[in-house]
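Working through the structure, step by step
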Amino acid sequence: MDSFIKISGFNDPDSIPKLNDPYYFIILVDGKASFSVDFNNYDIHGRHILFLSPYQLFRWDSGNLKRIRFLRFHGDFYCIEYHKAEVSCNGILFNNIYDKPFISINDDFFDEIMVLFDKIDEFGDAKVNYDLSIVRSYLQLILALCSKEKQIENRHVEIPRKKPDLLNFKSMLDTNFASSKSVSFYADRYGLSANAFNKKVKKYYGKAPSKLIRERLILEAKRLLHLTYKSIKEISAELGFEDEFYFSRYFKKEVGVSPKTFREKVGISVVAEKSM
């Protein structure tokens, strides 16, 4: 089980690892922390839960921590897409480029998740099926609770965040990211200069539009590599790249590994088999 799900704790901040792995991560943080995810910088204070998707780049910067614990799991152990009816976390906790990758939580919720971490950790190197089923159930409960908490948090911040002139940018990007990769395409539709559009988007989403375009492309590439049997050449064409070699270079620059390595390490989901 160790290769598919594992709990780790770190008492020394200097020992917190840099991550770029084929796992999902749920990270419990108690204290003050500065870190980056895919080169986006964040500062938090208090109790939070951080969520990372496979091959997201996590770098610890600094902070004053009371506790930090990592839960990692592989998609072969628990496929979040296959279980989306039970746990709606894909696009909420994971694979969401438009929102921050963590939630702020109260003491009771932190303690509740900590207990579930401990229960998973108790099974250690369990290998028999009934033990693994219990561990999956604990993991599913963690994901369900966190997904509900994230949606509650989003409802509280959604109204003050809304600005009419940027309400449909997410929809526009989700529709056009493969065919239109330039910032000017989107700026033109708002009747703004690229510079003015860049400032507005960065203020609203915390990221420049050029970065959101790249992240949206990579998110779709990861989805196709993990959830379909399409060849890298087919995926390259679907995403509007000139050829598969340019796509592979682009993907490796953004993710740190090639599309081929990503597929080999993360695997192809059982969802792909069911869609054939």
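Residues numbered from 1 in each chain as written. Predicted model: local features only at pLDDT ≥ 70, side-chain atom pairs only at ≥ 80, totals over all residues. Heavy atoms only, no water.

**A few points about the pattern of salt bridges**
Counted under the stated rule, the structure contains 17 salt bridges. For the salt bridge of Glu215 with Lys211, the shortest nitrogen-to-oxygen distance reads 3.4 Å. Residue Glu215 and its partner Lys211 are located together in helix 6 (residues 209-227), separated by four residues, close to a single helical turn. The class of Lys211 is buried, set by a relative accessible area of 15%. Across the pair Arg216 and Glu220 runs a salt bridge, and its minimum N-O distance is 3.4 Å. Here Arg216 and its partner Glu220 are both found in helix 6, four residues apart, which amounts to about one turn of the helix. What makes Glu220 buried here is its relative accessible area of 11%. Counted as one network, the salt bridges with shared partners bring together Asp30, Arg47, Arg67, Asp107 and Asp111. (Salt bridge = Lys/Arg side-chain N within 4 Å of Asp/Glu carboxyl O. Helix = DSSP H or I, 4+ residues; strand = E, 2+ residues; numbered from the N terminus. Buried < 20%, exposed > 50% of the residue type's maximum accessible area, 1.4 Å probe, protein only.)

**Considering the pairing of strand 4 (residues 58-73)**
Where a strand is regular, its side chains alternate between the two sheet faces. Sheet topology places strand 1 (residues 5-9) next to strand 4; five bridges connect them, and they run antiparallel. Bridging from a neighbouring strand, Gly9 pairs with Arg69 of strand 4. Looking at chain direction, strand 2 (residues 24-37) and strand 4 are connected through 14 bridges and run antiparallel. Directly across from Asp30, in strand 4, lies its bridge partner Arg67. (Pairing = 2+ DSSP bridges.)

**Thoughts on unusual backbone geometry**
Unlike most non-glycine residues, Asp38 shows phi in positive territory, near 50 degrees. Position of Asp38 among the secondary structure elements: in the loop between strand 2 and strand 3 (40-52). Accessibility expressed as a relative area gives 16% for Asp38, which makes it buried.

**Examining the nonpolar core**
Counting 35 residues, the largest nonpolar core has Phe169, Leu173, Tyr186, Phe197, Leu212, Leu239 and Phe251 as the members making the most contacts within it. Residue assignment for this core shows that the elements contributing at least two residues are helix 3 (169-176), helix 4 (183-189), helix 5 (194-205), helix 6, helix 8 (244-255) and helix 9 (259-266). Of all the elements, helix 6 adds the most residues to this core, at eight residues. Not counting residues up to four positions away in its chain, the partners in contact with Leu239 are Phe177, Ala178, Lys181, Leu217, Glu220, Ala221, Leu224 and Phe247. Counting residues in each nonpolar core, the second largest holds 32 residues, with Ile26, Phe51, Leu132 and Leu139 among its members. (Core = buried A, V, L, I, M, F, W, Y, C linked by side-chain atoms within 4.5 Å. Contact = heavy atoms within 4.5 Å.)

**Some thoughts on the sheet that holds strand 2**
Pairing is antiparallel across the open sheet formed by five strands, whose spatial order is 1-4-2-3-5. Here the strands that pair on one side only, and so sit at the sheet edges, are strand 1 and strand 5 (102-104). Neighbouring strand axes in the sheet, compared pairwise and without regard to direction, differ in orientation by 40 degrees on average. Examined bridge by bridge, strand 2 and strand 3 share 13 bridges and lie antiparallel to one another. Note that in strand 3 the partner of Asp30 across the bridge is Arg47. (Axes fitted to C-alpha atoms, helices over the stretch in contact; angles between N-to-C directions.)

**Concerning the layout of surface pockets**
Size it by volume and the second largest pocket reaches roughly 410 Å³. Along the walls of the second largest pocket sit 30 residues, with Asp38, Gln56, Ile97, Glu215 and Lys222 positioned nearest its centre. Only strand 3, helix 6 and helix 8 provide two or more residues apiece to the lining of the second largest pocket. Tallied by class, the residues present in the lining of the second largest pocket amount to 14 nonpolar, five polar and 11 charged. (1 Å grid on protein atoms, 1.4 Å probe; cavity = no way out; pocket = protein on both sides within 12 Å on 5 of 7 lines; lining within 4 Å. Points joined across faces, edges and corners; volume = space filled by probe spheres on them. Nonpolar A, V, L, I, M, F, W, Y, C, P; charged D, E, K, R; others polar.)

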